[in-house]
Amino acid sequence: MRPTRQLDGAIGSTASLARKDIWTLAKEAKESRDKKNPSAAAEDGYETTMVVVGNSQCGKSTLIHRLRNKDDAPTPTVALEYRFARSTRGTIKDVAHIWELAGGTQLAGLMDIPVSEANIHLITFVVVVDLSQPAEAISVLEFYMDRIAARVKTILDGLEQRGSKRPKGMKAFALKRFGQDHPDLSSDVMNILPVPLVVIGSMYDRFRDLEPERKKLVTKFLRYMAHTRGASLLFVSLKDENANAKARKLLNHHAFRSSPLVEFTFDHNKAVTITAGQDALAQIGPAPSEAGRDTMGKYNYSRYSTWRKDFDSIFPQRATGNEAINLEFEKYPEPTIDAMRTQKDEELQKLRRLGR
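Residues numbered from 1 in each chain as written. Predicted model: local features only at pLDDT ≥ 70, side-chain atom pairs only at ≥ 80, totals over all residues. Heavy atoms only, no water.

A word on the overall build of the chain
Stage number 1. Counting its secondary structure elements, the chain contains twelve helices and seven strands.
Stage number 2. Within the chain, buried positions represent 43% of all 356 residues.
Stage number 3. Put simply, 67% of the contacts in the chain that link residues at least 6 apart link residues at least 24 apart.
Stage number 4. Summed over its atoms, the accessible surface of the chain is roughly 19,200 Å², and 52% of this surface lies on carbon and sulfur atoms. (Helix = DSSP H or I, 4+ residues; strand = E, 2+ residues; numbered from the N terminus. Buried < 20%, exposed > 50% of the residue type's maximum accessible area, 1.4 Å probe, protein only. Contact = heavy atoms within 4.5 Å. Areas by Shrake-Rupley, 256 points an atom, 1.4 Å probe, with all protein chains shown as cover.)

Notes on the pattern of salt bridges
Stage number 1. Applying the stated criterion to the full structure yields 15 salt bridges.
Stage number 2. Here R308 makes a salt bridge to E142, at a shortest N to O gap of 3.1 Å. Here E142 lies in helix α5 (residues 134-161) and R308 lies in helix α11 (residues 304-314), a separation of 166 residues in the sequence.
Stage number 3. The closest approach of N and O atoms between D279 and R223, which form a salt bridge, is 2.7 Å. One end of the pair, D279, is in the loop between β7 (273-274) and α10 (281-284); the other, R223, is in helix α8 (residues 212-228), with 56 residues separating them in the sequence. One exposure class covers both D279 and R223, and it is buried.
Stage number 4. Three or more residues joined by partner-sharing salt bridges are found here, namely E81, R83 and E100. (Salt bridge = Lys/Arg side-chain N within 4 Å of Asp/Glu carboxyl O.)

Points about α8
Stage number 1. Taking 1.5 Å of rise per residue, the 17 residues of α8 would be expected to cover 24 Å, and the 24 Å separating its terminal C-alpha atoms lies within 8% of that figure.
Stage number 2. Counting buried positions along α8 gives 13 out of 17 residues, so the element sits mostly inside the fold.
Stage number 3. Positive phi shows up at G230, right after α8, with a value of about 75°. (Expected span 1.5 Å × (residues − 1).)

Things to note about the packing of aromatic side chains
Stage number 1. On inspection of all chains with the given rule, the structure shows ten aromatic pairs.
Stage number 2. Centre to centre, the rings of F221 and F311 are 5.5 Å apart; their planes meet at 50°, and the pair counts as tilted. Taken together, the residues F221 in helix α8 and F311 in helix α11 connect sequence positions 90 residues apart.
Stage number 3. Accessibility expressed as a relative area gives 0% for F221, which makes it buried.
Stage number 4. Following the ring pairs from residue to residue traces out a cluster consisting of F221, Y224, Y304, W307, F311 and F315.
Stage number 5. Lying over the aromatic face of Y46, R257 brings its terminal NZ or CZ to 4.1 Å of the ring centre. (Phe/Tyr/Trp six-rings, centres within 6.5 Å; stacked < 30°, edge-to-face > 60°. Lys NZ or Arg CZ within 6 Å of the ring centre and 35° of its normal.)

Side note on the pairing of strand β6 (residues 232-235)
Stage number 1. The two faces of β6 match: S232 and L234 on one face and L233 and F235 on the other face are all buried.
Stage number 2. Relative to β6, strand β5 (residues 197-202) is paired through four bridges, and the arrangement is parallel. Within β6, the position partnered with V199 by the bridge is L233.
Stage number 3. Sheet topology note: the β6/β7 ladder contains two bridges and is antiparallel. When the sheet's bridge partners are listed, L233 is paired in β7 with I274. (Pairing = 2+ DSSP bridges.)

In structure tokens, the structure reads:
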């Protein structure tokens with residue numbers, strides 16, 4: 001059998017390569033280099049990606065600034081902006097690639113750009129919503145939860161079709177992160193995302209003064225939405241250093257694999273702090289319209305449609321002007337960027353043909 005092209009000195013048969021996708025080949029090539037130069041491998045740090053989306057002007061840039069230990073005031077974000085943060089462990093440098101999307105949901109199509117097969121297993125999504133505008137906050141969170149789930153599914157389905165084991169591994173790890181023995185996993189309302197998701201409710205200082213029953217409804221609905229998707233939920237305010245410190249610790253955990261946040265707050269009269277898997281449907285309770293029903297022998301939680309109906313009765317939905325814009329990039333050519341994209345597409349196709 002004729003040998004195929006070499007990758008860093010490793011020669012494989014066409015039959016063996018046919019069972020491997022491009023990312024498996026890249027991993028094997030890196031492992032081959034590491035064996036030849038162990039000291040260099042030891043210097044390689046973690047590389048992660050964080051995608052931050054949510055309401056317009058709700059503090060996304062400020063959160064990123066604090067993660068990067070910046071003290072100056074952040075400049076307004078335009079479209080999709082890239083930043084990075086570093087963390088050092090001895091001589092090892094870890095890097096977090098941070099992408100922030102501006103414009104609420106209007107430019108949501110741009111979210112797909114930094115999310116790819118190459119980094120899907122290293123991604124954390126952060127959705128920031130404005131608690132001072134409950135109706136819009138719920139709509140934006142609902143929109144991005146569905147959008148993130150769809151994007152991740154598309155990528156993982158493509159990997160599975162080519163025989164990659166990564167999707168199965170990611171789903172298993174997501175359940176482990178949530179808690180494989182969690183009693184709610186048997187419920188049909190649970191739909192755990194295979195990637196980490198952090199939901200941050202900003203402007204808590206304004207939300208705190210909301211009428212108690214309304215505040216309780218918003219908090220419980222957000223807990224329900226986050227819990228059923230396997231997400232963490234935190235409320236923050238620029239004026240609350242304690243809450244901000246918790247948010248920074250949680251984001252650092254996802255960005256640099258530092259120690260996890262272990263301090264929790266479930267009380268709707270305080271700034272909520274609940275990491276993935278620490279909440280429970282029984283603790284959240286049913287929606288207000290079903291609060292007095294007899295739950296003997298039945299499930300003691302409500303479905304999303306009931307929560308949504310109860311929420312809409314108190315906070316009617318209205319047009320926000322944040323409807324997604326259909327981006328037609330071909331109308332705005334960038335010769336240098338387009339040429340680079342074409343080159344990368346051609347390189348990817350060559351590697352795919354190699355793996356057949």
